[in-house]
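Fold and contact review
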Amino acid sequence: MKRDDLIHPFISGNKWRKLQGIVRDAQKSRATALVTFGGAWSNHLLATACVGAQLGIKTVGFVRGETVSNAVLTICSLYGMELIFVSRQDYQDKRALFQDFQERQSQAYFIDEGGYSIHALSGVGTVVEEINENAYDHLFCACGTGTTLAGLSKAIHQRRDNIQLHGVPVLKGGDGLTTQIKNLYPDAAYQWHPEYSFGGYAKTKPELLTFIKSFCAQTGILIEPVYTGKLCYAVVDLIKKEVILPHERVLILHTGGLTGLLGMHTHFPA
Ligand SMILES: *Cc1c(COP(=O)(O)O)cnc(C)c1O
């Protein structure tokens with residue numbers, strides 16, 4: 001397992017990697033504020049808030065849905081992010097929200113939900129640079145926007161590595177995602193495993209929760225139900241089904257996201 005969950009105690013590893021190139025682009029365009037979007041438990045909002053605090057750039061987070069407070073939004077506020085709650089309907093048109101904001105601050109920089117951006121690919125690619133060439137047969141990652149998968153695929157091609165990339169979409173019917181991935185990197189090549197979404201984004205099932213409990217207890221590595229739990233479940237199941245063979249070397253990318261657990265204690269009664 002590649003432990004990108006260890007990059008930071010609160011920041012999802014892949015969100016941190018994605019933001020590297022995005023922030024570089026924002027700085028090039030002399031942005032004075034990073035404006036982005038997410039749900040109330042968004043790992044991406046949290047990562048953006050942290051990066052903004054580190055670099056001294058104002059951050060603004062549009063949060064989908066009614067005003068709430070929770071652990072993730074509290075940390076976002078501590079990092080100085082301005083939180084603006086918008087209805088699910090208004091949230092649909094992110095560009096319109098951004099343009100309204102620009103009237104307040106013209107040098108604002110738009111960052112799409114989840115850090116979906118062509119500028120995110122180079123940062124994600126550093127994952128591949130950090131592993132030895134041809135050291136693994138398979139590389140697995142969880143997919144939300146598909147940006148991480150696109151970045152990994154690009155870096156694998158650039159290096160001509162023989163590793164086989166696999167994506168496990170955590171949303172239902174990840175078909176729309178394949179277009180989204182192609183838009184970031186047209187040559188993206190990967191095996192796709194849509195049968196492990198467990199009913200959709202942030203949806204779960206008893207067998208997933210049971211799996212997560214035993215995985216954490218057996219390995220000492222925390223995973224959570226939204227991303228890495230589904231990912232690890234998929235890998236173990238593919239090994240059971242002998243799609244992955246005993247002699248093959250598998251690397252799982254742990255993308256972090258553990259703050260999500262903080263809102264899920266009712267899923268895991270003691
Ligand atoms: C956002 C996120 C993902 C999904 O990454 P994409 O690049 O959007 O596909 C995977 N794992 C964790 C923990 C995340 O926070």
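Structural notes, computed from the coordinates. Keep in mind that this is a model prediction, so the values were computed, not measured.

Right, let's talk about the sheet that holds strand β2 (residues 33–38) for a bit. In spatial order, the strands read β4-β3-β2-β5; together these 4 strands make up an open sheet with parallel pairing. Lying at the two open borders of the sheet, with one neighbouring strand each, are β4 (82–86) and β5 (108–110). Put simply, the sheet's adjacent strands are angled 25° from each other on average, direction ignored. As paired elements, β2 and β5 share 3 bridges and run parallel to each other. Paired with L34 across the bridge in β5 is Y109. Strands β2 and β3 (58–64) of the sheet are contacted by helix α2 (residues 43–55), whose axis makes an angle of about 165° with β2.

Since one α-helical turn is 3.6 residues long, residues separated by three or four positions face the same way. The terminal C-alpha atoms of helix α9 (residues 206–219), which comprises 14 residues, lie 20 Å apart, in line with the 20 Å expected from a rise of 1.5 Å per residue. Of the surrounding elements, those touching the buried residues of α9 are α10 (228–240). Looking at the residues trailing α9, positive phi occurs at G220, about 75°.

Next up on the list: the nonpolar core. Within the largest apolar cluster, 25 residues are counted, with the highest numbers of intra-cluster contacts made by L139, L149, L152, L165, I181, Y190 and W192. Broken down by secondary-structure element, the contributors of at least two residues to this core are α6 (121–129), β6 (138–143), α7 (147–159), α8 (175–184) and β9 (250–254). Ranked by residues supplied to this core, first place goes to α7 with 5 residues. Leave out the neighbours within four places in its chain, and I181 touches T145, G146, L149, A150, A188, Y190 and W192.

Parameters at a glance
Residues numbered from 1 in each chain as written. Predicted model: local features only at pLDDT ≥ 70, side-chain atom pairs only at ≥ 80, totals over all residues. Heavy atoms only, no water. Pairing = 2+ DSSP bridges. Helix = DSSP H or I, 4+ residues; strand = E, 2+ residues; numbered from the N terminus. Axes fitted to C-alpha atoms, helices over the stretch in contact; angles between N-to-C directions. Contact = heavy atoms within 4.5 Å. Expected span 1.5 Å × (residues − 1). Core = buried A, V, L, I, M, F, W, Y, C linked by side-chain atoms within 4.5 Å. Buried < 20%, exposed > 50% of the residue type's maximum accessible area, 1.4 Å probe, protein only.

Function cannot be read off these values alone, since they describe shape.
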